[in-house]
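Breakdown of the fold
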Amino acid sequence: MQNLFFIVLLSLSFSCMNGPKVDQCLVNHDWCIPNCENSNMTWKFLPNGSFNVKTTVFGGKEATGQWTNLGEKKFLLKYTKTFTGNDLPDQEISMPDCKTLKVKNTFYKRSEL
């Protein structure tokens, strides 16, 4: 019984040492280029699995959709509304670290709270 308690305690310790969960890094932050003070494009991910992306280019446009955590710091985006009104295929994005979001070949920086 003591061994079981020790194993559970040890596993909890390691899980806490891994830092914030990937979802916690992603949601409720603005992800911007070139920066969030003067952004040309901003992504926002919400805890309910929805996202929106806004651009100031060409007078301002918005796209929306749903996101899913695929694991290994990767996410799947399914668009429900696009900038042009055309259907877009699902898109996989990644998060190299808790302050950087990679969409295709573009790196977005997370806003500071």
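Keep in mind that what you see is a predicted model, and the values were worked out from it rather than measured. (Residues numbered from 1 in each chain as written. Predicted model: local features only at pLDDT ≥ 70, side-chain atom pairs only at ≥ 80, totals over all residues. Heavy atoms only, no water.)

1. Here's the deal with the environment of G71
- Along the polypeptide, G71 turns up in strand β4 (residues 61-71).
- For the pair G71 and D23, spaced 48 residues apart in sequence, the C-alpha to C-alpha distance is 9.8 Å. (Helix = DSSP H or I, 4+ residues; strand = E, 2+ residues; numbered from the N terminus.)

2. Describing the pairing of strand β5 (residues 74-81)
- Pairing analysis gives 7 bridges linking β4 to β5, with the strands arranged antiparallel. When the bridges of β5 are listed, T68 appears paired with L76.
- Hairpin connection from β4 to β5: 2 residues lie between these consecutive antiparallel strands, with E72 at a positive phi of about 50°. (Pairing = 2+ DSSP bridges.)

3. What to know about the pairing of strand β7 (residues 100-103)
- Here strand β6 (residues 91-97) pairs with β7 via 2 bridges, running antiparallel. In the sheet register, D97 faces β7, and the bridge partner there is T100.
- Connecting β6 to the next strand, β7, in antiparallel fashion are 2 residues.
- One ladder, built from 4 bridges, connects β7 with strand β8 (residues 106-110); its direction is antiparallel.

Read these as geometric descriptors, not functional statements.
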